[in-house]
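Given next are the chains, with one letter for each unit.
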Amino acid sequence: MARGPGFFLTLEGIEGAGKSTSLAFLQRYCTGLGWSVETTREPGGGPLGEALRAIFLDPGLDLSVEEELLLLYAGRHEHLRRKILPALQRGALVLCDRFEDSTFAYQGGGRSFPIERIETLSRWTKLPRAPDLTLWFDLDPALGAERIRARHPDRLERESQEFFARARRIFAARMAAEPQRFWRIDASVSLAEVENQLMVALAARLPSPGRG
Ligand code: T5A
């Protein structure tokens, strides 16, 4: 499928980094810039993906990493096919809370699953579309855990700080490999300071609506 005139922006990072909070700000801000904005998330995004998300996060289930990966890529295929690609074709700005970098960070880093096998699955399943820009909300796992401490933890939030430290290292490695796609946000600072960083990133990397 053709690339389309829209722009595909993903938000990545470990638990509590502030992605969901910033998604709401980005939606308002980019709408103000004149973009038609579509917000979405992974796991999820479509009827199949949302059903799989409930399974994926269920703390009562004991899933192997292979089972996790197959759930994630089934949902991602539907998400691209039914939601992301059509929105980009319409010229929208798609704001997606997590995407494929999370799979490499969590299943590849956190669970130490071989990266080459994830790459094989990605090539096998994925419709051809990578994000145009990925905002990486970088945060120390201890601070992330502190921010979400009051919550009832889902299946992934029960993982150790070492798990999230490994995930963080993979985000860093992916940014080093693809600096033109990534922009690092220091997520340890106040929300107002995070918003300032987001505006700087968008001024540098987001085209005008209709010119994506
Ligand atoms: N997963 C996902 C995989 O394992 N593989 C994959 O391929 C994919 C796609 C999804 C889970 O699935 C895993 C990763 C996840 O574990 P989710 O509920 O969508 O589950 O999880 P998260 O995206 O991690 O959601 P979180 O809510 O934990 O993190 P956010 O969205 O980064 O954080 P947010 O915005 O909710 O903020 C958390 C708290 O911190 C405060 C907020 O007010 C909130 O209370 N906060 C700040 N406080 C002070 N200063 C700031 N700058 C703050 N920013 C936020």
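Further up the page is the structure itself.
Everything numeric in this text was worked out from a predicted model, so none of it was measured.

Asks: Residue-level account of the environment of Leu156, with values.
Replies: Relative to the assigned elements, Leu156 resides in the loop between helix H6 (141-147) and helix H7 (161-177). In the structure, Leu156 is positioned 73 residues away from Lys83 in sequence and 25 Å away in space, judged by C-alpha atoms. Setting aside residues up to four positions removed in sequence, Leu156 forms contacts with Phe56, Leu57, Glu68, Tyr106, Arg111, Phe163 and Phe164.

Asks: Lay out the packing of aromatic side chains with the relevant residues and their values.
Replies: Applying the stated criterion to the full structure yields seven aromatic pairs. Relative to Phe163, the ring of Tyr106 lies with its centre 5.7 Å away and its plane at 70 degrees, an arrangement referred to as edge-to-face. With Tyr106 in helix H4 (residues 100-110) and Phe163 in helix H7, this pair connects stretches of sequence that are 57 residues apart. Given the relative accessible area of 5%, Tyr106 is considered buried. Note on Trp136 and Phe171: the rings are 6.4 Å apart at their centroids and 35 degrees apart in plane angle, and the pair reads as tilted. Here Trp136, found in strand S4 (residues 133-138), pairs with Phe171, found in helix H7; they are 35 residues apart in sequence, far enough to count as distant.

Asks: Outline empty space enclosed by the protein, supporting the account with residue identities and numerical values.
Replies: Enumeration according to the criterion identifies one cavity of 30 Å³ or more in this entry. By volume, the largest cavity is sized at about 60 Å³. Contributing to the lining of the largest cavity are Glu42, Pro43, Gly44, Gly49, Leu52, Arg53, Phe56, Leu71, Leu72, Gly75 and Arg76. Within the residue set of the lining of the largest cavity, elements represented by two or more residues are helix H2 (47-57) and helix H3 (65-89). Residue composition of the lining of the largest cavity, by class: five nonpolar, three polar and three charged.

Asks: Tell me about helix H5 (residues 115-125), residues and numbers included.
Replies: Ile118, Leu121, Ser122 and Thr125 are the residues of H5 that are buried. Buried positions in H5, seen along its axis, are confined to an arc of 100 degrees and lie on one side of it. Opposite its buried face, H5 presents the exposed residues Glu116, Arg123 and Trp124, each directed more than 90 degrees away. Elements in contact with the buried residues of H5: H3 and H4.

Asks: Before we move on, could you go through the environment of Glu67 and cite the residues and values that matter?
Replies: Within the secondary structure layout, Glu67 lies in helix H3. With a relative accessible area of 39%, Glu67 lands in the partly exposed category. For the pair Glu67 and Phe56, spaced 11 residues apart in sequence, the C-alpha to C-alpha distance is 9.2 Å. At 2.8 Å, the side chain of Glu67 and the backbone nitrogen of Ser64 are in polar contact.

Asks: Describe unusual backbone geometry, naming the residues involved and giving the relevant values.
Replies: With omega at -5 degrees, the peptide bond leading from Glu42 into Pro43 counts as cis. Looking at where Pro43 falls in the secondary structure, it is placed in the loop between strand S2 (37-41) and H2. Phi angles above zero are rare outside glycine, and Arg98 is one such case at about 75 degrees. Here Arg98 is to be found in the loop between strand S3 (93-97) and H4. A positive phi angle, close to 55 degrees, is found at Ser112, a residue other than glycine. Looking at the element boundaries, Ser112 is found in the loop between H4 and H5.

Thresholds, definitions, all that
- Residue positions within a chain follow its written sequence, with the count starting from 1.
- Under the rules for a predicted model, residues below a pLDDT of 70 receive no local features and side-chain atom pairs below 80 are neither given nor counted, while totals for whole chains, interfaces and linings still include all residues.
- To get the side-chain values, all heavy atoms of the structure are used, and hydrogens and water are removed first.
- Starting at the N terminus, helices and strands are each numbered in turn, a helix being any DSSP run of H or I of at least four residues and a strand any DSSP run of E of at least two.
- Contacts are assigned to residue pairs with any non-hydrogen atoms lying within 4.5 Å of each other.
- Note on ring pairs: Phe, Tyr and Trp rings are taken, using the six-membered ring of Trp, and paired if centres are within 6.5 Å. Classes follow the plane angle, with under 30 degrees stacked, over 60 edge-to-face and the rest tilted.
- A simple rule labels every residue: compare its accessible area, found with a 1.4 Å probe on the protein chains alone, to the largest value its type can have, and call it buried under 20%, exposed over 50%, or partly exposed in between.
- Both cavities and pockets are sets of points on a 1 Å grid over the protein atoms alone; in a cavity a 1.4 Å probe fits but cannot get out, in a pocket the set is open with protein on both sides within 12 Å along at least five of seven lines, and lining residues sit with an atom within 4 Å of a point.
- Grid points are joined across faces, edges and corners, and a volume is the space filled by probe spheres set on the points.
- Classification convention: Asp, Glu, Lys, Arg as charged; Ala, Val, Leu, Ile, Met, Phe, Trp, Tyr, Cys, Pro as nonpolar; all other residues, Gly among them, as polar.
- Arc definition: directions from the helix axis to the C-beta atoms.
- Between N or O atoms, a polar contact is any pair within 3.5 Å; within protein, one atom must be a potential hydrogen donor and the other a potential acceptor, and residues adjacent in sequence are included only when both atoms are from side chains.

Without other data, these values stay purely geometric and don't point to any function.
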